[in-house]
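# Survey of secondary and tertiary structure
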Amino acid sequence: MAENDPIAERTDEELAREARAGSRRSFEELANRYKRRLFAYLRPRLGSDQDAEDAVQDTFLKLYRNIGSYDPAYRFSTWLYTSANRLAIDSFRRGRAARTVLVSDRGGDIPDPAAAGEGEPGGSGLWDAARTLGESRFRVLWLRYGEDMTIEEIAAVLGRTQLAVRVLLHRARTGLAGKLGPAVRCAARPQPETARGAAGH
Amino acid sequence: MGCKLSRWMVSRTEDTGKKLPGFAGRHIGRCRACGEFVRTSVSLSSRLRDERAAWLAKVPDFPLSFEGEAEPAGTVARGLRLRPLPVAAAALVVVAAALVLFRVVPRASVPSAEDRAAARAALAELQSAPGKLRGVIGGAESSLERERRILEQSLSSAVEYLQARLNIKIERKEAPKSL
């Protein structure tokens with residue numbers, strides 16, 4: 001289907017420009033391209049698959065209504081993830097407030113989103129290991145290697161400095177290298193095996 | 001400390017493309033674990049990119065709905081769209097300003113043909129004897145008064161024009177007490 005459809009061959013920025021000019025079909029194509037990627041990005045932060053799906057839907061609806069404000073000078077993905085980030089923060093705050101109410105009502109048996117998200121989707125592989133590093137480290141890894149963003153773009157998306165992004169990336173790489181095998185741990189001066197040892201000494 | 005710093009330098013090289021400092025290179029040459037970190041770090045980027053598609057394929061598909069949403073508005077149309085609240089506020093300000101500055105009284109009736117004829121006759125009389133008029137008045141009034149009179153005449157003419165043009169009656173407000 002995609003081979004016969006010229007819209008599938010267009011770049012994100014071309015589609016965004018068409019959507020900006022009023023093409024709903026172009027925007028739907030963009031949404032289809034990015035919905036799973038955005039889901040994967042937002043899922044660790046939100047409490048459940050359903051929350052993540054809702055956040056993706058909300059993000060695309062918001063972008064659909066505000067497509068006129070998209071500046072074609074920038075990559076569409078940067079704009080998308082910046083908006084998604086803001087919406088996710090709002091959603092997370094609302095969700096946290098709701099969970100607080102629920103916890104007080106139900107006695108506090110709400111599962112930890114990070115623990116619930118571990119190993120999803122799939123159950124093995126590097127990205128699954130990345131998911132267990134923590135939400136912020138996973139996000140920078142995803143933006144860097146999942147979306148091929150530059151440090152500058154990631155900083156813009158997350159609203160952080162470039163140095164902060166590089167520190168997060170370094171910690172994520174160190175953590176991931178630690179999960180890949182004990183050989184990465186420093187052997188120059190053998191130390192007791194501790195969680196701290198995995199990140200160097 | 002040497003390991004931490006060297007690994008940070010490895011990450012810096014990976015992210016910024018800057019050259020690895022000499023001390024870090026020497027440390028990595030000596031430290032087997034840091035050498036392993038370099039190899040892992042370098043392979044991570046390609047491995048993460050390679051595994052991305054397979055990992056995303058495991059994400060369950062779900063529909064997105066844009067039903068009920070209008071077509072995205074083009075940028076030109078968006079630029080021209082007026083927002084009701086600011087427009088109403090602006091209109092209110094204009095009306096309030098007009099009410100403060102002017103007092104508009106609806107005219108009872110349009111000036112009759114006789115009124116117009118009388119006005120034209122008076123104007124013709126003034127125009128036909130400007131020298132006489134100037135001679136009579138000039139002796140009695142100072143230059144300042146003359147100036148005021150000229151201004152008053154200009155204003156009267158303007159008011160007459162506006163009255164005729166807009167079919168309204170404009171009354172003169174009382175002079176402020178300070179004057």
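Provided above is the structure to which this section pertains.
Residues numbered from 1 in each chain as written. Chains lettered and ligands numbered in written order. Predicted model: local features only at pLDDT ≥ 70, side-chain atom pairs only at ≥ 80, totals over all residues. Heavy atoms only, no water.

Along chain B, the regular secondary structure elements total eight helices and two strands. Counting all 179 residues of chain B, 20% fall into the buried class. Contacts spanning at least 24 positions in sequence make up 47% of the contacts within chain B whose residues lie at least 6 apart. On chain B, roughly 13,600 Å² of surface is accessible, and the fraction owed to carbon and sulfur atoms is 61%. (Helix = DSSP H or I, 4+ residues; strand = E, 2+ residues; numbered from the N terminus. Buried < 20%, exposed > 50% of the residue type's maximum accessible area, 1.4 Å probe, protein only. Contact = heavy atoms within 4.5 Å. Areas by Shrake-Rupley, 256 points an atom, 1.4 Å probe, with all protein chains shown as cover.)

Here we come to the overall build of chain A. In terms of regular secondary structure, chain A is built from nine helices and zero strands. Its helices and strands in sequence order give chain A the pattern α-α-α-α-α-α-α-α-α, from N to C terminus. Taking all 201 residues of chain A together, 47% fall into the buried category. Sequence separation of at least 24 residues holds for 55% of the intrachain contacts in chain A that already meet a minimum separation of 6. Put simply, chain A shows about 9,700 Å² of open surface, and 49% of that area lies on carbon and sulfur atoms.

For the rest of this paragraph, the subject is the pattern of salt bridges. Residues and elements named next belong to chain A. Considering all chains together, one arrives at 15 salt bridges over all chains under this definition. In this structure, Asp 12 engages Arg 33 in a salt bridge whose closest nitrogen and oxygen atoms are separated by 2.8 Å. Of the two residues, Asp 12 is situated in helix H1 (residues 12-20) and Arg 33 in helix H2 (residues 24-42); the sequence distance between them amounts to 21 residues. A residue is classified by how much of its surface remains accessible, and Asp 12, at 14% relative accessible area, is buried. Residue Arg 33 is classed as partly exposed on the basis of its relative accessible area, which comes to 21%. (Salt bridge = Lys/Arg side-chain N within 4 Å of Asp/Glu carboxyl O.)

A separate point is the environment of Ala33(B). With respect to the helices, strands and loops of the structure, Ala33(B) is situated in helix H3 (residues 32-57). Since its relative accessible area comes to 1%, Ala33(B) is described here as buried.

Moving on, we get to the side chain of His170(A). Of note, His170(A) is situated in helix H9 (residues 162-180). Ignoring sequence-local partners within four residues, the contact set of His170(A) consists of Arg7(B), Trp8(B), Ser11(B) and Phe37(B).

A separate point is unusual backbone geometry. Residues apart from glycine generally show negative phi values, whereas peptide bonds are mostly found in trans. For Asp148(A), which is not glycine, the phi torsion reads 55° and is therefore positive. Looking at the secondary structure, you find Asp148(A) in the loop between helix H7 (135-146) and helix H8 (151-158). Assessed through its relative accessible area of 43%, Asp148(A) is described here as partly exposed. In this structure, Asn167(B) takes a positive phi of about 55° despite not being glycine. Overall, Asn167(B) belongs to the partly exposed group, its relative accessible area being 45%.

It is worth spelling out helix H8 (residues 143-166) of chain B at this point. At 3.6 residues per turn, the α-helix brings residues three or four places apart onto the same side. A rise of 1.5 Å per residue sets the reference length of H8(B), with its 24 residues, at 34 Å; its end C-alpha atoms lie 34 Å apart and thus fit the reference within 8%. Of the residues trailing H8(B), Asn167(B) is marked for its positive phi of about 55°. (Expected span 1.5 Å × (residues − 1).)

By size, the foremost hydrophobic cluster in this structure holds 59 residues, and its most contacted members are Phe60(A), Tyr81(A) and Leu141(A). With nine residues, the single largest contributor to this core is H2(A). When residues no more than four places from it in sequence are discounted, the contact partners of Leu141(A) are Trp127(A), Ala130(A), Leu133(A), Gly146(A), Leu169(A), Ala172(A), Leu176(A) and Leu48(B). By size, the runner-up hydrophobic cluster in this structure holds eight residues, among which are Ala177(A), Val10(B), Ile28(B) and Cys31(B). (Core = buried A, V, L, I, M, F, W, Y, C linked by side-chain atoms within 4.5 Å.)

When H1(A) is considered as a whole, its buried residues turn out to be Asp12(A), Leu15(A), Ala16(A) and Ala19(A). Taken down its axis, H1(A) places every buried residue within 100° of arc, on the same side. (Arc of directions from axis to C-beta.)

So, on to the packing of aromatic side chains. According to the stated counting rule, one finds 14 aromatic pairs over all chains in the structure shown. Ring geometry for Trp127(A) versus Phe138(A): centroids 6.1 Å apart, planes at 80°, classification edge-to-face. Of this pair, Trp127(A) sits in helix H6 (residues 126-131) while Phe138(A) sits in helix H7, and the two are 11 residues apart along the sequence. Of the two residues, Trp127(A) and Phe138(A), neither departs from the other in class, the shared state being buried. Through successive ring pairs, a cluster of aromatic residues spans Tyr34(A), Tyr70(A), Phe76(A) and Trp79(A). Lying over the aromatic face of Phe62(B), Lys35(A) brings its terminal NZ or CZ to 5.7 Å of the ring centre. Across from the ring centre of Phe138(A), 5.8 Å away, lies the NZ or CZ of Arg131(A), which sits over that ring. (Phe/Tyr/Trp six-rings, centres within 6.5 Å; stacked < 30°, edge-to-face > 60°. Lys NZ or Arg CZ within 6 Å of the ring centre and 35° of its normal.)

So, about the environment of Leu30(A). Residue and element names in this part refer to chain A. Note that Leu 30 resides in helix H2. For the pair Leu 30 and Glu 13, spaced 17 residues apart in sequence, the C-alpha separation works out to 9.4 Å. Sequence-distant contacts of Leu 30, that is, excluding residues within four places in its chain, are made with Asp 12, Leu 15, Ala 16, Phe 60 and Phe 76.

This part takes up the environment of Arg37(A). The topology assignment puts Arg37(A) in helix H2. With a relative accessible area of 15%, Arg37(A) lands in the buried category. Along the chain, Arg37(A) and Gly146(A) lie 109 residues apart, while their C-alpha atoms are 8.3 Å from each other. Sequence-distant contacts of Arg37(A), defined by excluding residues within four places in its chain, comprise Tyr81(A), Trp142(A), Glu147(A), Arg52(B) and Leu56(B).

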